[in-house]
Amino acid sequence: CPGVHKGKSYLWEEGKHAENGQKWRSLEHKGPLFPPEYEPLPSSVSFLYNGTPVILRPATEEVATFYAKMLDHEFTTKEVFQNNFFTDWKEVMTETERQLISDLSQCDFSNIHKYFVEKTEEKRNMTKEEKQVLKEEANKLTEEYGYCLLDGHREKIGNFRVEPPGLFRGRGEHPKMGKLKKRVQPEDVIINCSKDVKIPEPPPGHRWKKVQHDNTVTWLASWVENIHGHIKYIMLNPSSKLKGEKDWQKYETARKLKLSVDSIRSEYQSAWTSCEMKQRQYGVALYFIDKLALRAGNEKDDDTADTVGCCSLRVEHINLHRHLDSLDYVVEFDFLGKDSIRYYNKVPVEKQCCTILNNFISIAVAILCNHQRAAPKTFEKSMQLLQEKIKKKQEEVEKAKKELKQAKKEHKQLPSEVSKKLVQKMEKTVKRLLEQLKKLQLLETDRNENKVIALGTSKLNYLDPRISVAWCKKNNVPVEKIYNKTQRAKFAWAIDMADENFQF
DNA sequence: CCTCAGACTTGTTACCATAGAC
DNA sequence: GTCTATGGTAACAAGTCTGAGG
């Protein structure tokens, strides 16, 4: 139980740390453990191209072994995997190799594959004593690299090894499958530890990218991975005090949430009736997260598998049923979630929720349909003019920003009343231009939406004008703002009749 | 105010040791 | 003794979310 540790109040410590974001006071470790260097294949094991043995330089051969080891897996038969692999492999090749090896289908890795299968077999057949020796060596490494000293406590590290090179697999239909995950060098690694301790030694002949002493973060080492350009970290094991306390905190938050869950539920339910689309979306999304425990669903990069969560669900991911399996108002979910795991569920929901969803879906469909409608001739032309205006304004903004930067620089170098005035003037100009740009952009989206949604028709024929009039009166908006002269004439009856309390 | 890098959590899978079945 | 099921854990991919900085 965190919080009642050996007479020390971790609660108090946590509170103290939390104030300025400090995660530790002292941190000492030996740095990450690197995978062994590549061992070239024995000369008896040959790679064949077009049926003929070809000797590859070690770097090229290494990448070939990554592929060869995976030959048993289904994914090496996938086109995306093969293309990505071959592209990256060719980049490692020498010019001569690249000239020769131009077609993956002519590559025969089977000897290499066989070699590794035999090696695993050999390892499996080792005697008990040999296995024991290996085990002890591994233990020694864990003992040496697997622990750190955090605020005087010896803590287990979660992943003390740098990830070895290989071919990226990814999950689901990942567009980057088969790409080469490059070998990480000490020169790529940032070390994080405290100032007053022994700094970890880089492997002989190498240096670290950087050694820093940032106690507002919990990681011991980091590097940038080449597939997505994300940062990878060496962090503590979940058994550590640091992780444990964080976990505990998480559940405490959940307990607090319990106290306000009723008000949250009534809040999102009332959002269902909001006149704002955004609010209704918010209300339904939160309802699903609450009812079905869906993940939030953040925005994703394009070059990852197409998976979604609650907020990134698309029209094709749900089906609405008035009746299904003797139930009313059923939402049928079918989508790929985290790790490309399929989520399939049929959920009866409140009628109101179903109506809103239906509404969301019909807006998407309407847009789809309206796209095919020819826009008025004058529309294209006026939009073009508007876009030119926007472009011009953007250039003006850029120019003004540059001038502002320059003015700031000059003011910094040689501050004077004149230079200060200039900076202020430029700041004003930039602000004004930005506002103008925003207005133009707003106009553009407005016009675009008008194009597809054909608001005019609804406004004149389908929407009871008394609703709009009432809204105007209630919100002190002049009716002139929403109806022009002709429209006001047409709806004179409504303007006269409806007060702010009108209910349709 | 918004974006996005960075930090951290969550989840799957591969691998391995071990226990029980045969 | 060998085979196989099982459970733990290392590895690492794939999420979430926050806060610094433009």
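Refer to the preceding data block for the structure.
Residues numbered from 1 in each chain as written. Chains lettered and ligands numbered in written order. Predicted model: local features only at pLDDT ≥ 70, side-chain atom pairs only at ≥ 80, totals over all residues.

A. Expanded view of the pairing of strand S12 (residues 231–234). Note: strand S11 (residues 221–224) against S12, 4 bridges, orientation antiparallel. Across the sheet, Val-224 pairs through a bridge with Ile-231, a residue of S12. Joining the antiparallel neighbours S11 and S12 is a turn of 6 residues, in which Gly-229 adopts a positive phi near 80°. (Pairing = 2+ DSSP bridges. Helix = DSSP H or I, 4+ residues; strand = E, 2+ residues; numbered from the N terminus.)

B. Expanded view of the nonpolar core. Among the nonpolar cores identified, the biggest contains 17 residues, and Ala-64, Tyr-67, Phe-109, Ile-112 and Leu-167 are the most heavily contacted of them. For this core, the element with the highest residue contribution is helix H2 (residues 58–69), accounting for 5 residues. Every residue in contact with Phe-109, bar those within four places of it in the chain, is listed here: Phe-47, Ala-64, Tyr-67, Ala-68 and Leu-71. By size, the runner-up hydrophobic cluster in this structure holds 16 residues, among which are Val-184, Ile-191, Cys-193 and Leu-242. (Core = buried A, V, L, I, M, F, W, Y, C linked by C-beta atoms within 7 Å. Buried ≥ 20, exposed ≤ 12 C-beta atoms within 10 Å, placed from the backbone. Contact = placed C-beta atoms within 7 Å.)

C. Main features of the protein's contact with DNA strand B. Close contacts around DNA strand B come from 14 residues, with Val-217, Thr-218, Trp-219, Lys-246 and Asp-339 the closest. Taken together, the elements giving at least two residues each to the surface near DNA strand B come down to S12 and helix H7 (241–271). If you tally residues by element for the surface near DNA strand B, the top one is H7, at 3 residues. Its residues assigned to classes, the surface near DNA strand B comprises 5 nonpolar, 2 polar and 7 charged. (Near = placed C-beta within 6 Å. Nonpolar A, V, L, I, M, F, W, Y, C, P; charged D, E, K, R; others polar.)

D. Inspection of the protein's contact with DNA strand C at higher detail. The immediate surroundings of DNA strand C are formed by 22 residues, with Glu-163, Gly-170, Arg-295, Ala-296 and Asn-298 found nearest. Classifying every residue of the surface near DNA strand C gives 4 nonpolar, 9 polar and 9 charged.

E. Here's a closer look at the packing of H2 against helix H3 (residues 79–92). At a minimum axis separation of 8 Å, H2 and H3 run at an interaxial angle of 160°. With respect to H3, the axis of H2 lies roughly antiparallel. Crossing geometry of H2 relative to H3 is assigned as right-handed. Packed against H2, whose contacting residues are Ala-59, Thr-60, Val-63 and Tyr-67, the element H3 presents Phe-85, Trp-89 and Val-92 at the interface. Within the contact of H2 with H3, the residues separate by chemical class into 6 nonpolar, 1 polar and no charged. (Axes fitted to C-alpha atoms, helices over the stretch in contact; angles between N-to-C directions. Parallel < 35°, antiparallel > 145°, perpendicular 65-115°, else oblique. Left-handed = near helix turned anticlockwise from the far one by under 90°.)

F. Local environment of the sheet that holds strand S13 (residues 318–324). Reading across from one edge, S13-S14-S15 is the order of the 3 strands in this open sheet, with antiparallel pairing throughout. Only two strands of the sheet have a single neighbouring strand rather than two, namely S13 and strand S15 (342–348). Recorded for the sheet is a direction-independent mean angle of 15° between the axes of neighbouring strands.

G. Seen up close, the packing of H2 against helix H5 (residues 110–124). It is the contact of H2 with H5, at a shortest axis distance of 8 Å, that shows an interaxial angle of 70°. By the criterion of interaxial angle, the relationship of H2 to H5 is roughly perpendicular. Two secondary-structure elements touch here, H2 through Ala-64, Thr-65, Ala-68 and Lys-69 and H5 through Ile-112, His-113 and Phe-116. Tallied by class, residues from the contact of H2 with H5 come to 4 nonpolar, 2 polar and 1 charged.

H. Looking closely at unusual backbone geometry. Positive phi, normally seen in glycine, also occurs at Asp-325, with a value near 50°. Structurally, the position occupied by Asp-325 is in the loop between S13 and strand S14 (327–336). The phi torsion at Ser-340 lies on the positive side, around 60°, for a residue other than glycine.

I. A look at helix H13 (residues 465–474). If you check which residues of H13 are buried, you get Pro-465, Ser-468, Val-469 and Ala-470. Where H13 is buried, its residues meet helix H15 (492–497). Within two residues after H13, Asn-476 carries a phi angle of roughly 55°, on the positive side.

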